[in-house]
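Analysis of the macromolecular model
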Amino acid sequence: MDRHDMLLSPAGVDALRTALTRASFTANGIADRLGAQATGAVARNDYRAALRATEDRDPLATLIRVFICDQTEPEPVVAAALAPLTVEEALAGGLVERHGEGLRAGVDLEPYGDDWFVLADVPASARPGRPLHAEHVLGIGGATQTLIGATVRRSVETALDLGTGSGVQALHLSTHARRVTATDVSERALRFAATTAALNGQDWELLRGDLVAPVAGRRFDLVVSNPPFVVGPGTTTHVYRDSGRVGDAIGAELAAAAPHLLTDGGTMQYLANWVHVTGEDWAERVTGWFAGTGLDAWVIQREVADPMAYVNLWLTDVGEAADPQRMAAWLDWFDAHKVEAIGFGIVSLRRAGHDEPIVRVEDLRQRVEPPLGDRVGEWFDRQDWLRARDTDGLLAARYRAADGLQLRQEATMGADGWAVDRQVLAMPRGLRWSEEIDPLVLALVGGADGRLPLRDQLALLAAAHDVAPDELAEAAGPIVAHLVERGLVEPVAD
């Protein structure tokens, strides 16, 4: 995409960057100016303290009032804050707009991270009653942050952001990828992304088209996507939300495209919704997306919503809450297709090049230790370790219990004292898995101190529990593999 196809001219972008940096309009600069209490209140959309702290209208104060607190300010004051960018350039690019007797924000200009800026459309909540543009460009919302946190941040040569929107995912990719490509079906979104890139001194390849069409025949080391994943009858009103695909088909479509997008060892991660259909196992449905792909897949379901809450959420998101016909049609579609709930989660795929790929689809509702992307990378690493070893290899390895591993017991008081009903291994860190175990597995994990090979450890357990060593070894292989996959026990390097 041509670098000149931005909200502002290249010279205008340079002038805007000069104005923002000169005024210290950064996340740290704003926090220092407002103080902790007012900064926290702004995050809750309470601007009272921030407005009191910016009454002197110097450039930083004005920029905070206009772009953070969504105030209308006199044109001369805004002109002074934006200089050397002229008001005429800012108006032409939509950066500000006339309102009443002054100027207010025309875009969402958000200082982000240590020294980044992200440009997006003003959110619906800031302009009540004004319908969103069909090609509305989202800023940094909850789903955006989820994908940012879930992405594996390892150095790669090439990275692709499918459906880039404002460009925030590409911005993060630029920290660990030598070359970044970003696509979007919306020309308007690409203008925002191009401006975000230029404002941050980045040079991305920006391509227009639907999903993978603009990069057909090309492969990447890392692909991320926050696609328009909303589930419904396929109606398209807002491109950031609606893909035009019926139901949850976009998740399956991305899975099918992944083998042709990834280099050997490449990873693809995307957000998705999937339907829970009455009488069907949702996990089996999602597992079917990866049949024949040859990819390792780990899908974690983070949230589940009932249809009414789901429809209310997405109608409110675009200011459509007062449209009962739209709501009824959407809910009728769910009823007709026996959809009882909608799941939301993260799909992580890897082109590992094995004949028998690993596919796991599971619930992960608990709070996890951030960043989730590190946990995803570690999960794939553990799969590599397990795949390289047959049963004899597992028995020959030494293991130790993960740092911080806890044993939680539930017991009932009886005539003879406490009787243990249930024992659970729990990790207070990482993915915070918990696993109910029997006494034999507890003894195995308790003895995993890294000194003995598993085979020798099992021989001692077999003698103590009067079990045949071969039978115990055969049963222990899958159990240990599962504990390693969960990260509850760790192999000790030779």
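Residues numbered from 1 in each chain as written. Predicted model: local features only at pLDDT ≥ 70, side-chain atom pairs only at ≥ 80, totals over all residues. Heavy atoms only, no water.

It is worth spelling out helix H18 (residues 454–465) at this point. End to end, H18 covers 16 Å across 12 residues, agreeing with the expected 16 Å (1.5 Å per residue, within 8%). Those residues of H18 not exposed but buried are Leu454, Gln457, Leu458, Leu461 and Ala462. An end-on view of H18 places all buried positions within 140° of arc, on one side of the element. More than 90 degrees from the buried face of H18, the exposed residues found are Leu460, Ala463 and Ala464. Contact partners of the buried residues in H18: helix H16 (391–396), strand S13 (398–401), helix H17 (439–446), strand S17 (449–453) and helix H19 (469–486). Asp466 lies just past H18 and shows a positive phi near 55°. (Helix = DSSP H or I, 4+ residues; strand = E, 2+ residues; numbered from the N terminus. Expected span 1.5 Å × (residues − 1). Buried < 20%, exposed > 50% of the residue type's maximum accessible area, 1.4 Å probe, protein only. Arc of directions from axis to C-beta. Contact = heavy atoms within 4.5 Å.)

A separate point is the nonpolar core. Within soluble globular proteins, side chains that are nonpolar tend to cluster in buried spots. Grouped together as the largest cluster of nonpolar side chains are 127 residues, with contacts concentrated most on Phe25, Phe67, Met268, Tyr270, Phe290 and Phe334. Not counting residues within four places of it along the chain, the set of residues in contact with Phe25 comprises Leu20, Ile30, Leu60, Leu63, Ile64, Phe67, Ile68, Leu109, Pro111 and Phe117. Membership of the second largest hydrophobic core comes to 27 residues, among which are Leu394, Leu395, Met427 and Ala481. (Core = buried A, V, L, I, M, F, W, Y, C linked by side-chain atoms within 4.5 Å.)

Spatially, 3 strands are ordered S14-S15-S16 in an open sheet, and the strand pairing comes out antiparallel. A strand with exactly one partner marks an edge of an open sheet, and here the two such strands are strand S14 (406–414) and strand S16 (434–437). Each strand axis lies, on average, 30° off the axis of its neighbour in the sheet, ignoring direction. Here 9 bridges tie S14 to strand S15 (residues 417–426), and the two strands are oriented antiparallel to one another. (Pairing = 2+ DSSP bridges. Axes fitted to C-alpha atoms, helices over the stretch in contact; angles between N-to-C directions.)

To continue, consider the pairing of strand S3 (residues 108–112). Within S3, 4 of the 5 residues are buried, leaving the element largely enclosed by the surrounding structure. Relative to strand S4 (residues 116–120), S3 runs antiparallel, the two being bridged by 5 bridges. Bridge assignment links Glu110 to a residue of S4, and that residue is Val118. Two successive antiparallel strands, S3 and S4, enclose a turn made up of 3 residues, where Gly113 displays a positive phi of approximately 65°.

Spatially, the 3 strands line up as an open sheet ordered S17-S13-S18, and their pairing is antiparallel. In this open sheet, the two strands that pair with only one neighbour each are S17 and strand S18 (489–491). Strand-to-strand twist across the sheet, computed as the mean angle between neighbouring axes with direction ignored, equals 30°. Bridge count for S13 against S18 is 3 bridges, and the pairing is antiparallel. Pairing of Tyr399 across the sheet is with Pro491, part of S18.

Time to look at the packing of aromatic side chains. Applying the stated criterion across every chain, the model contains 14 aromatic pairs. Between Trp289 and Phe290, the ring centres sit 6.3 Å apart and the planes meet at 65°, which makes this aromatic pair edge-to-face. Here Trp289 matches Phe290 in class, with each residue buried. Each residue in the set Phe229, Tyr310, Trp314, Trp330, Trp333, Phe334 and Phe344 is aromatic and connected to the rest through ring pairs, giving one cluster. In this structure, Arg486 is placed above the aromatic ring of Trp433, and the distance from its NZ or CZ to the ring centre is 3.6 Å. (Phe/Tyr/Trp six-rings, centres within 6.5 Å; stacked < 30°, edge-to-face > 60°. Lys NZ or Arg CZ within 6 Å of the ring centre and 35° of its normal.)

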